Structures are given as C-alpha cells and as structure tokens.
Amino acid sequence: MSTITKETSISNTLNMAKKSIKSHKRPSGNDPMRFFRNHHYSPGELARLRQIVRDSGTSLILPYDQFIEHDNRHVDPNPEASNPDYICNLADAGGYNGVAIHYGLAKRYWTKLAGNVPLVLKLNGKTSFPDQSRPLSVHTSHVEDAVRMGAAAVGYTMYYGSPRQTEDLPQLAAVRKECDKYGMPLIIWAYPRGEGVEGKGGKECSYAIESATRMATEMGASVIKANLPVATSEDFFENKSVPEYYRKVEKELQGMDAKAQKWERAKRVVEAAQGIPVLFSGGSQVGDSDLMDNAKACVDAGCFGFIFGRNMWKREWDKSLEITKKFQKMLDDSAK
Amino acid sequence: MSTITKETSISNTLNMAKKSIKSHKRPSGNDPMRFFRNHHYSPGELARLRQIVRDSGTSLILPYDQFIEHDNRHVDPNPEASNPDYICNLADAGGYNGVAIHYGLAKRYWTKLAGNVPLVLKLNGKTSFPDQSRPLSVHTSHVEDAVRMGAAAVGYTMYYGSPRQTEDLPQLAAVRKECDKYGMPLIIWAYPRGEGVEGKGGKECSYAIESATRMATEMGASVIKANLPVATSEDFFENKSVPEYYRKVEKELQGMDAKAQKWERAKRVVEAAQGIPVLFSGGSQVGDSDLMDNAKACVDAGCFGFIFGRNMWKREWDKSLEITKKFQKMLDDSAK
Amino acid sequence: MSTITKETSISNTLNMAKKSIKSHKRPSGNDPMRFFRNHHYSPGELARLRQIVRDSGTSLILPYDQFIEHDNRHVDPNPEASNPDYICNLADAGGYNGVAIHYGLAKRYWTKLAGNVPLVLKLNGKTSFPDQSRPLSVHTSHVEDAVRMGAAAVGYTMYYGSPRQTEDLPQLAAVRKECDKYGMPLIIWAYPRGEGVEGKGGKECSYAIESATRMATEMGASVIKANLPVATSEDFFENKSVPEYYRKVEKELQGMDAKAQKWERAKRVVEAAQGIPVLFSGGSQVGDSDLMDNAKACVDAGCFGFIFGRNMWKREWDKSLEITKKFQKMLDDSAK
Amino acid sequence: MSTITKETSISNTLNMAKKSIKSHKRPSGNDPMRFFRNHHYSPGELARLRQIVRDSGTSLILPYDQFIEHDNRHVDPNPEASNPDYICNLADAGGYNGVAIHYGLAKRYWTKLAGNVPLVLKLNGKTSFPDQSRPLSVHTSHVEDAVRMGAAAVGYTMYYGSPRQTEDLPQLAAVRKECDKYGMPLIIWAYPRGEGVEGKGGKECSYAIESATRMATEMGASVIKANLPVATSEDFFENKSVPEYYRKVEKELQGMDAKAQKWERAKRVVEAAQGIPVLFSGGSQVGDSDLMDNAKACVDAGCFGFIFGRNMWKREWDKSLEITKKFQKMLDDSAK
Amino acid sequence: MSTITKETSISNTLNMAKKSIKSHKRPSGNDPMRFFRNHHYSPGELARLRQIVRDSGTSLILPYDQFIEHDNRHVDPNPEASNPDYICNLADAGGYNGVAIHYGLAKRYWTKLAGNVPLVLKLNGKTSFPDQSRPLSVHTSHVEDAVRMGAAAVGYTMYYGSPRQTEDLPQLAAVRKECDKYGMPLIIWAYPRGEGVEGKGGKECSYAIESATRMATEMGASVIKANLPVATSEDFFENKSVPEYYRKVEKELQGMDAKAQKWERAKRVVEAAQGIPVLFSGGSQVGDSDLMDNAKACVDAGCFGFIFGRNMWKREWDKSLEITKKFQKMLDDSAK
C-alpha cells in the first residue's frame, strides 16, 4: 500500500467497488438469486429467500394447509399423509425447498427437522364450513411467530376482489410492514375470490388472475403464488362488466391450441407480476400428464417455481419422491 | 479428570450427552410426561403441564363454566353445587388434576385452595340467551391473568366452522401467542358450531369433530378437549355438501356394534389430533353405565384423560367422590 | 382408516410419534444437528443453527472483526484483505459456514452475497487505543439488527473476570433474553481478561479458559468460542491465589508430551462446556504446522468446529482456499 | 463586537432578523414556496414539500395507481407502460416533480431512481371488482412506510359523502395525526363518491367537488387533489335534495360559454380550498385539445399544479415527454 | 401483448428486469448517485442522500456547530456570521448541498429557508470548557427530531479511541439503529481523540485517522467525515505502542514531497473507508493556497466532497461566495 503510484491508484480507488462486484460471480456462472437481483430486496429478505432457492435459482415448495382450508377429509386416501411428521419427512427426503404450514404444525412437528427443510409459515386461513361468497382469510399466526421460529418466509392469502377487501388489504398491509421490519420475505397467495369476481368471469380466468397477480406486486410481495388460468365460459365475451380488452384477449387465447394457450396464459401471469417471481400452484389433483404439461408451460413462461401440495403428497411415499424429482429436474433444466 | 487416557476419552466426550439422558430416567420406569415428549413443548409448558398430570401420565379435570355457558339453571338439582367453594373443595377432596373456571371464581374462591388443586383458567365464554347460529366465544379474562394467578393452563373455546371464525381464529391466535410468550399451556375446547356446521351433519358427528380437532392441532393447542362423536341422521349419507369420504366413513361406523363404534369414533378423534393429547368431555348428563362405556372407549383409544363436569358435580358429595375414583383408576390402569 | 382392528390401533396411536422420529434419520445415517439434540434448543435456534452447520455436523466460521478489535494495521500484509468484499467473496468461494462481522460490514458488503454465506453478527467490540486492564466490550449493534438482517447467529464477547463484569454480565443477560425472544442462537466469545485474570495465571491458561467456558454455559450460550489453552509460567504452581486443584492439574499437564497436552487441554475445555458445542479460535497467526496440530487436538477432543480468521485471510487468495479445504476435511473426517 | 456604539447596535440587533429574512429572497425574485407561506406549514412539511415544487412554485406529479383502482386492463394499449420501471424512467426523463404510487412499486422499482424523482406514497386504495355504492379506500401502506422510504409526501383518497365516511374520516384523521408527528405533507384526493353523492348531482358536479375540497381543507390537507367539475344533467335544477344555492350556481355556470365555464368552475374549487394549494387531476383519457383547455383554465384559476396519469403515460414514450414539456411550460409561465 | 411469438417472449420475460435497469441511465451519462450504488443503501437513505448530492455526484456542506464545540469566540472576526440567519442565507445563496447545525438553529432559523437548503442535523456535541482527555460527545437532539424536521441526514461525532468509547459506541449504535428504522443517512464525524490516541501519535496522524475512518465504516456510516492527516513528530518512528507497520508507512510518507504526501495521505483515508464516501473537513482556518492544495489532493484521492466551515463563513459575504464557487467547480470537474 505504501508504494502505490499516483496514476494507477485514483482509478483503483474509484473502481474498487465495481471490481469486487464482478469478482462476486460464482465459478459455475450460476447466480441462484437471479430472480431477486433487480428489485431492491432488503438484506434480510435476501438472506432468508436464499434458503428456499435451489442452486439453479428456482424453487419447489410443499404446501400443507389443506386440513385448514378444506377439513379433515384429506385423511383420504393416504392416512399416513395426515400425519404432519410424515409430510415433514417427505419434504426432507424429497429435498423440497420449503414446507408451507400453519403455526401448530410448525411448532410441534416441523421443529423436529431442526432446520433441514426451511419453513414458510402460512399466516392466515379459513375453513370450508361457512358461506364463501364474501371470503376473508384471517390470522392463525403472526410475522413475529415466523421470526421466532426461524422461518424463511411467510405466506398470506389475499382474496382479490372480495367484498371484504376493506378488511383484507389493511391486514395484508400490516403483515407487509412487519415483514419489512424484520426482513421477512412475504409470499402472497394471489387469489381472486368472492361474488364480485364470480360476476366477471370467475376466479380461474386470465382477467382475474392477472389482476390479482398485479395487485400482489403493488402490495409489496416478495414472491407471488398464482394459479394457471383456464378458459372462461363463452358468455364472458359478451359480459359488459368485463373490460373490452380482456374480452378480446380471452377470445384470442381460446383460439389457440391447448399447449400454446397454456404457455400464453402462464406468460401473461408472469408478466403481470412485473418481475416479482411467480410460483405456480397445482390446485386440485389432476392427471400426471396434465400436471407435467401445465408445469412445463409455466417453466417456459419464466416462472420461479412451483408450490405443489395434493398432487405430491396424495400418493404413496415412493411415488411422491419420484414425481418430485421430475419437477426438480424440469426446474433445474430451465436454468441452463 | 486429570488421569484420563486418550483411547477412552474421545468417545467419552462425544457420548457424554447421551449418557446423561439415560441416567435421567426415573427409578420407577414411569414417564408421567410421555404424552408431551415428542412434540417440542417449551420449558414453561412442560413445567406447568406437569402440575395437571397424574403420575400415570393421565389427567382428570373438573370443569365448572356451565353457569356462564348455560345460565343459573344449574342451581338444580344440587343447590350446594352452585357454590364455587363447594366445587373447589370437591376438586381438592377428589384429587382432581385441575379445575377449569372463569376469572371471578378463580379470584374469589379457588384462591382459598392455596394451590392444592391446579387452576385451568377458562379465558372465553358466551351465554345461552342470544341466537346461536353465528356463535363466538369472547374473552372473560386473559393469559396475563392466568400468569398472575399461577394457573397451570388456560382454556379457550374455538367454534370451528362458525361464520364468525374471522373473529374467532385471530382471537385464538393472539391467545396462543401470549401463551408462547409466557410458556402457558393452551387447552383448546375444539367445538364445531354454527349454521355452516348444522348444514353438514351437525356438531356431534365424526366429520365435524375430527375436523375441529385437527384445526386445534393446526392452531397450536397444547392439549385438546373434544366430545365423543355420535351417529348422524340418515340423510347425511346423501348430503352432497359433505365430502364423499366422510359419508362413506359414517356409513361404515353405523354398521358396527355400539361398543366398536364408540371406540372407533374415539380413536379417529385421537388420530385427528395427530399426537396432541386429547381430553374427552362428558357432555350433558348421561346414565352412569353409558358414561363408563364412553370413558372406556376413549381410554382404549389412547386419550390423555377426561374433563367431566355435570356428570360429576350434579350428584351428592359422596357419589361424586365415588365415581371420581372409578375414572382415576381407569386412567391409571391404562398406563400400565 | 375405516378398517383398523382394535388390537393394533391402540399401540399404533401411542407409538405414532416415536416411529415418525425414527424414520426421520437421514439415509446417510448422518445427523447434522447431533451437537444440538439433547439440550432443549428452541425451534428458532435449531432452524438458524442448521445454516451454520456442515452436513457432517461441524462448522468452520470466518471471523473478521480485527479492524475493530485492533485497528487499521491489518491492511498489512495483504491490502486486498482489508476490503470487506474480498473477505465475503473468500467466505463464499471457500464454502465457509458463516462470516462473523460487525453491523457496518454486514449491511454494506455481506448483503451482496444475498445469503450465499450465513451471517454471524458480532454485537460488541472495543478498540485497541485505551487502557486494557478493565476491559468491557460494548454494543456496536443489537439482536434486533441481526434478526432484521436474517443472521444465522449473533456473537458476544464476554470478558470473564474483568472488573467491569458488573456491566458485562447484565449486558450479556439482556442479549440472551432478546435471543430467546427471537429464537436467535447466541455464540459467546468466552474470553478471560483483565487485571484480576492476569494475577491468576493469565488469559491463556486452562484455569481461566475452562472457567470462562463454564460461565458461558451458565449464561445460556448456544455455542461457545474458546481459545486453546497454553502452559503457564512456572510461578503459577506457587500462586496461592489460584485454587490448589488447578495448580495440580497444570503441573500434570505440563508433564505430558506436547501432543497429549494439547489434546488434554482441548478436551478439558470441551468438558467445561458440559455439552454446549465449542468452536476453537485460532488466535494470532502461528506457523501452519502448529495450526494443524492445534486443530487436530481440538477435533479429537470433540469440538464442534473452528472460527479461524487471521490464519486464513492473511494469506494470498489461493493459499487461503487451500488451507480452508484442509480444515474442512479434518472436520468432516471427525464425523465418520 | 467590542467596538459597537450603543445607538446603532440596539436597533441593528432588533432589525437584524427582519433584514435577514428580506435578504432571503432569491435573486430571481421567485419564491418557490409562495403557495405555502401563509398557512403555518411545519418545518418538516416545508422541507419535504420543497422537493415536489418547481422553481416556479408549481408542481407536476405523475400518478400511477390505476392498476389497483381499476385492474390489469391498463396493460392496454401500451404494454411497456405496465412496467413500473418504464413509468419511473418516464418520470425521471420528463422531470416530473413526483411520482404517486403504492408501496410495492415504491419499494421494488422507484428505489432504483435513488431519489432522482420524489416519491408521493399513495396510502390507500380499492379494487374495481366489488360493488362501488358504499366505497371505502383502505390502507395499503402507512405514514411510517413513507417516512422510512424518504417520501416527499403521502396521498390519501377521501370518499366525501360515502356511507362509509364513519370509517373513512377517522382513518384520515389518524393518517393526518401521523403526518403531523413526522412532518409529512398530506395530499388528499378529495373525491365525492357513493350512493348519497349520486342522488345529489353526482361525483363530477361543482356542488360535490367544491364540498369535498372544502372538507379536505377542514381535515388538514397540505395539498388537495381535485377534479375539474363538469356540467350536471338538467334534472339537477329541480332536485330538492340539492341546496337551492347550488342549483342556482349550476344554472348560471351552464349559461356561460365553455371556456368561461371551465375557468369559473376551476376557480370555485380553488376558492373552496381556501388557500390550501390545489392539484387538478386529468381523470380518464380525453383529447389533447380538451386536455390543454382544461389545464389552462385551472392554471388561470390559480391552481398549484397538475397530477396527470393516463393522459401522460398512455402514449408512446416520445409523445409523453412532448406533452409533459407543454404542461411544465404552462405552469412555469403562470408564475411570471 | 396478444401477438407475442414464443421464441422472443421467453427471453423477453427473463430479461425484462435487466433492460429496465440499463435504460435507467440518464441521458447525460452522469450518475449522481455513483458513490452510493454498490453498498446497499436503503430506499430512504438513497432518497434523502440525493438531496445533498450535486448533479456531478459530489457534495459541499456548510457546517456551523463551532459555537457549541468551541464557544462564543467565533463572533470574531465577522459578527454578522454569528447570526444563524446569515449562515442559512449564505448556504442558500452559495448553493451549498446542506447545512450542518444543531437543533435550536434548525428549528428557529433553518426553517425559514423552507427547504431551499437541505438540513444535516448534528445530533451530538461537547463544549470546550471541561478537560478533553476522556472526551465524549453527547446528544443535543435525536434522530426523531431529524425525521420530523425533514432533514436530509444526521451527523454524529465518534471519538475513536477515547476511554469513554464504552459509552460512545453504544450511543452511536443506537443512533444508527434509529437511522435504519427511518431510512435516515448517518454521517459520522470520525475523530480520533483522547489520552490513548495522544500516546500513539496523536489525533492528526494517518495511523489514527485511518483507524477511525475504518471504524466508522464498521459502525455503519452512510458517509464519513474525516480530516486530512498531517505528519507526526519524529519520536513516532520509535514509539513501541504503535504497530510496526504504521511506523514504516509514516516514514515513507514523510520522505515524499509535500504534494505527493498530501495526496497519498488523503488516498489512504479514502481507502480505509472501503467505498463509503468520504467528506474531508477543512479543520481550523488555513491560508487559501494551502486550503486549495489540500482540497485538490482530496479530490484527486477520490473523496465525495467537502464539509468546510470556518474557512468559508469567516470571511466577508462576497469572499465566501467566491471561494465557494471555486470548490464547487473543483468537485464538478472531478466528475468529468
């Protein structure tokens, strides 16, 4: 340091920061955090998100909140899978990048994994028994619980368009604020729901899902969970309460062949998220061939990964692990 | 310590932790906390729960919140039993492992026991006067009260499936969070209730009770209080709003003989709790023979114990003590 | 679930938890959290500690707080190593299980790693300029900062035996309480220091270091950082202010050959920790052969791992990575 | 100081403050804060407002909350403009005095501007899906978020006259209180809305907009955003639920020629604000000639500036910048 | 959006973020925030720092805390300059990028500027009357005051190496934590001081100033204020309490010619800051030629700017403005 010549050292000083950034690239050339580099994630968000990201930069999460959202019916067909220990072990053995569960399961069962699988603490829920036309998903735990448990992220279900959005949005804003305070990543389940949505094409159409996805970005999501949209009924084209633009788009989409349509719908959701990473959910159980086709469309559309539940754990142990590997390969291949 | 030889000491060092666990076992071989060993109870939860656990690892609790939940009608048939002092003394004389009461009784009457019987402070309640189709049980005291009183646990009534679950679940989550903060055990009264439940088989069927029990586990219960389910009416088998799985199960159950059916229903509840200990309640007063049969089914199904009220204190003093002993023997025998 | 026979199901119910624990063992037979299984670590502690644990259950941490503890002199001999980016990249490239730094470096430099290397946030420090006879290490950041940054653990320097322990111990107790609140692991730098220690054999003898290590266990450390003790001067044997026991032990130790003595000293520190995992530090720069011998003695004594700084980064980049690999192999071999 | 003569120095001292204030006038003679001099703005309000004020003392803000208020339909016709980065860059390149967005966009996109364009954080919103007859705009973020982000102001939508004003006004009062605490300027979107407003001439008439504007002043707005009123339908003149005065005024206004009417309507809104600066919004897209005419009327009426969204960014990039320049010139000319 | 072909759109989706970053570069090619791009400044830090940054990316701040640090002596030689209004007007007329003052002046005088000049609120101070061997600078106001006033940054004096560092460092850590909470930039006055420093070469030598500068980086400074070091007395070379490395460096420096030495000393301070921007102070009044030489050396060494007080305002008004322009030109030229 004592023999530096003037010519070299000024530029050295000025360029020091840049060089160190450059040298930061991993030897493999892979940047596992590529989905998070350009949108000002906070230090805590980045450090925690890294835990749920594969080396290929993608993610496969195992959700297990169905015993709240539906009810104990899911003891069928595999009663073993109703045991949270079974699910935690499955997540561990399968190399999942996280398990998304509510607080009671996290405290009593997930803890036994001692950190082998990251925790996504699902913060709100509702049951299947009451009327569903004005849905609101409420707290079963809080961000502070997630912090104390060492969770890698929290999950929040936003019912976009519900008449109770006047309760939902402030509740979400409060969760997001706590997340910012603690550097906790916020995964928003972006779900269009309720009587208003039903009157404008329903919860599964591109119009509703794209709008819900965009809303999640506006609310400050770190990651967005969305469903792959499907075709509307024909009366959508004439529904005057739907914007003309979306009626036109839906018509064009339904004119495509099945594969192109899936990919285009997936891509539009990814674009609606405007760079915030999208995890696609599997929804209710479907045939394996459909499941793989849907997943491939989502990967090709640039999604961050999957959050697949019933389609994974409603199988025998070995079959679950087998299909898990397939999705992981699909995700890892997408990063090459 | 100074004369250790190298060969033995490395493994000694590494095995030190294991040995200290082994030497920790009680001479009798009994582990009264066996129900709580495998689900990560906190230090405070364990220390407090030990107070309501018999040496056989089971528990018999005396609940006395009926003068809130119903009304002053319970002055009949034994007016003495309307005196909280009488109940507290009964709990003491009978060797109950806890008495479950609201704050006013705890402060004014239970305190006279000076700790001879542990306190389970019931935190919420409702009266019988308003309409019950959208039930919500609200705070009559708080976890901090229980801490200050030196309670061994708190009790919370969750009305699973009620339209007001959007208020109930956050209220329960807040109670649970306070319990975690103070190391206070949380006993959830897991009760399916409300118009949604009535439309799907009612509050006493296996479908509803198993789902409520599972929900209590998901919400973070330390112990769950549940009712023993009973058979539905026949129209349940054709009720399309009930999952096909539960219609099938109910049909199978109703095909069994009475004893097997009770045991199977009890066992399914215990399994729905997924390892969280279950206390069965007695419900409304039934004949002694039925009561013993129900209790035996629950014990054989692996329950943690009983929380029996009206069936105990709605008798003369001596009869109460007599039947109390029978249940205690049944519980202690189950641990052998 | 509907066809269970009575004989099997009761024991099934009771044994359900145990089985799921058994099946939890990883296929490799390795339990990376073996050091933490038997001492009631909280869920958050376990989940966070897992991040700094190698699959072999050991740990190698890179500390970089020397520019505070000493001063800017460490720009020599490798000026590049005075750049925190260089150190962070070294930790990443070397596969370190954590980097131990103060807040400013964590916020401005470590964050660029985006979670690729876990953070151990060092919470307190002091500079080399004032008089050192009554040392106290004070806050440069707080547990809440560590939580917000997504740190895997915090580090705290306890100056055991310092005249200012009346400020040090309550400060540590407050840190530990915050750690419990947030589930944050607490690594205590257990350092005997100050004029009192100097009068009883000095900061490097077994007497002082074992006592400081035990103190860290008593204060609630999750992990303990200790130095490998060295021989005292001869006047120690006659120092009446030292307990007779330790004068005898020191004499016996000095009678052993160099290798046995190192191992015995290391083992005594590990035993003083009473099952709380011990990380040995490297101290000031020593020759490579001595460094490897010391490390081997510590590993054979059952330590959890190393926290080596100047001996690692005060080399050229390639040499640093080379010796890093050696220590990692030594640690991984110890777990076989 | 030691040679001051008594006669001169006392008056000097007394006049010193005044003179220094006088000398404070900028060489150009311009006082950019002229709109804020006479109404006791707090130090923090002034310092922050200065950031959104042009040297001419006026302001041009770019709002971009339409993807919440409406939905994802605004991806049409310029898909690039659905990218928040595009909008932020447009605000920067166009020299806007602020960009009004919700929290998610502020955190992830606006931050990349690194302060080049001031932030107006929009605190509340609602979606287009549910019924709109009883509107309430609820929190998507809070004043504390705005403080932490370094925002220059916050925006709040008040639905004047809505049946849910009993929730709206206290919510606004709480926001205003926080603004006072932190010295944060509060821009109120003064919007008459809801079934009550519809029955009295609708949301676009002078009666409703003037009343809403006055309400914003009464609630403590730092700046008010209002729409330029338009003519009512003819049945307004006979609507007995409208005060006679406003029926008379409306009649007079509709008797004027288009230009005079616009100016008069704008002036009445500015007067209703009673000195609190008014930003006029552009509303839905209109033809360029109309847009310029409206803007000129507002400027001539003494408005503080414009907050124009869809009319700006629903164009190609170059066209957006071109019309931006026109409005800035119009505003700057008004100050001469 | 509906006519995208598959080949182009996937990569489009994936590259969307990158492109938007690229297009963000300002037309002029200038990045005024270049000093802050690579060290994870928070959104609030960036937005506020932008206010004190010239378009050339540099900064010139006017400090006016000398009436606290010294005493009322500074009424001499220009009594007008003892009037805070005079100083505020000078900052405004001279186009300073900030004025650094204590709370009373901010509240009573700076506010009159209505935001025309950004505020750097100096949070701590001490007077010249007590003994200075164990210095500690204590709060005269707090971060919350700065937030409420709309300050662009806060200033904190750290007395590196003082015996009272055990009070100083936690006080600074608490200030830094508040700064993080509110997104407030923290400018650390990095001053080596106290008896420990005096014994090791004194407060003005490169050893002490570089170490203090590094400490400011470690403590989380957003910007560092440092003095340009000067040569030590000769006995420094033999001072055994100084690290050998620094004795060698000092000898080499003193062997250089005056200009090279200044530049080398400045550059070493900039490097010790490791990329955190350095503002050099002017210190006590020196001749104009020396002042310009010093400033040029600092600029050539890569400093962020200057914070010059007495050398600026201890002149007549016109002379002050004249030399101000010279430094601004020097800074702006450095960015070309």
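Structural notes, computed from the coordinates. Remember, it's a predicted structure, so these values are computed and weren't measured experimentally. (Residues numbered from 1 in each chain as written. Chains lettered and ligands numbered in written order. Predicted model: local features only at pLDDT ≥ 70, side-chain atom pairs only at ≥ 80, totals over all residues. Heavy atoms only, no water.)

1. Overview of the sheet that holds strand β8 (residues 223–226) of chain C
Residues and elements named next belong to chain C. With parallel pairing, the 8 strands of this closed barrel are ordered in space as β1-β2-β3-β6-β7-β8-β9-β10. Neighbouring strand axes in the sheet, compared pairwise and without regard to direction, differ in orientation by 25 degrees on average. For strand β7 (residues 186–192) and β8, the ladder comprises 3 bridges, and the chain directions are parallel. Along β8, the bridge assignment pairs Ile188 with Ile224. (Pairing = 2+ DSSP bridges. Helix = DSSP H or I, 4+ residues; strand = E, 2+ residues; numbered from the N terminus. Axes fitted to C-alpha atoms, helices over the stretch in contact; angles between N-to-C directions.)

2. Comments concerning the relation of the copies chain A and chain D
Superposing chain A onto chain D requires a rotation of 74 degrees together with a translation of 0.5 Å along the rotation axis, leaving an RMSD of 0.1 Å. Such values leave the two copies arranged in the relation of a five-fold axis. When each C-alpha of chain A is compared by its distance to the rotation axis, Glu167 of chain A comes out closest, at 9.7 Å. (Least-squares fit on C-alpha atoms with pLDDT ≥ 70 in both.)

3. Side note on the relation of the copies chain A and chain C
Overlay of chain A on chain C (RMSD 0.1 Å): rotation 180 degrees, translation along the axis 0.1 Å. Within this description, the copies of the chain are treated as partners about a two-fold rotation axis. When each C-alpha of chain A is compared by its distance to the rotation axis, Val147 of chain A comes out closest, at 3.8 Å. Both copies present the same face, since 100% of the interface residues in chain A are matched by interface residues at the equivalent positions in chain C. (Contact = heavy atoms within 4.5 Å.)

4. Digging into the arrangement of the chains
The two units chain B and chain D remain apart, with a minimum C-alpha distance of 18 Å. Nothing in chain B touches chain E, and the closest approach of their C-alpha atoms is 25 Å.

5. Some thoughts on the interface of chain A and chain D
With 39 residues of chain A in contact, the opposing surface of chain D contributes 38 residues. Applying the counting criterion to the chain A and chain D interface returns 6 salt bridges. Between Lys107 of chain D and Glu45 of chain A there is a salt bridge, with the nearest N and O atoms lying 3.1 Å from each other. The interface formed by chain A and chain D includes 21 residue pairs in polar contact (both at pLDDT 80 or more). Within the residue set of the side of chain A that touches chain D, elements represented by two or more residues are α7 (165–182), α8 (195–198), α9 (206–219) and α10 (244–254) of chain A. (Salt bridge = Lys/Arg side-chain N within 4 Å of Asp/Glu carboxyl O. Polar contact = N/O pair within 3.5 Å; in protein donor to acceptor, adjacent residues only side chain to side chain.)

6. Focus: the nonpolar core
Ranked by internal contacts, the top residues of the largest apolar core, which has 517 residues, are Phe306 of chain A, Phe306 of chain B, Phe306 of chain C, Phe306 of chain D together with Phe306 of chain E. Other than its neighbours up to four places away in sequence, Phe306 of chain A contacts Ser59, Leu60, Ile61, Leu279, Phe280, Ala295, Cys298, Val299, Phe327, Met330 and Leu331 of chain A. (Core = buried A, V, L, I, M, F, W, Y, C linked by side-chain atoms within 4.5 Å. Buried < 20%, exposed > 50% of the residue type's maximum accessible area, 1.4 Å probe, protein only.)

7. Points about the interface of chain A and chain C
At the interface, 38 residues of chain A touch 39 residues of chain C. Regarding the contact of chain A and chain C, the summed buried area is about 3300 Å², with carbon and sulfur atoms giving 54% of it. The interface formed by chain A and chain C contains 0 salt bridges. The tally of links between chain A and chain C comes to 7 residue pairs in polar contact (both at pLDDT 80 or more). Going through the elements one at a time, α1 (6–22), α2 (43–49), α4 (84–93), α6 (143–149) and α7 of chain A are the ones with two or more residues in the side of chain A that touches chain C. The greatest single-element share of the side of chain A that touches chain C, amounting to 5 residues, is contributed by α2 of chain A. A breakdown of the residues in the side of chain A that touches chain C according to their chemical character gives 16 nonpolar, 12 polar and 10 charged. (Buried area = accessible area lost by both parts, 1.4 Å probe. Nonpolar A, V, L, I, M, F, W, Y, C, P; charged D, E, K, R; others polar.)

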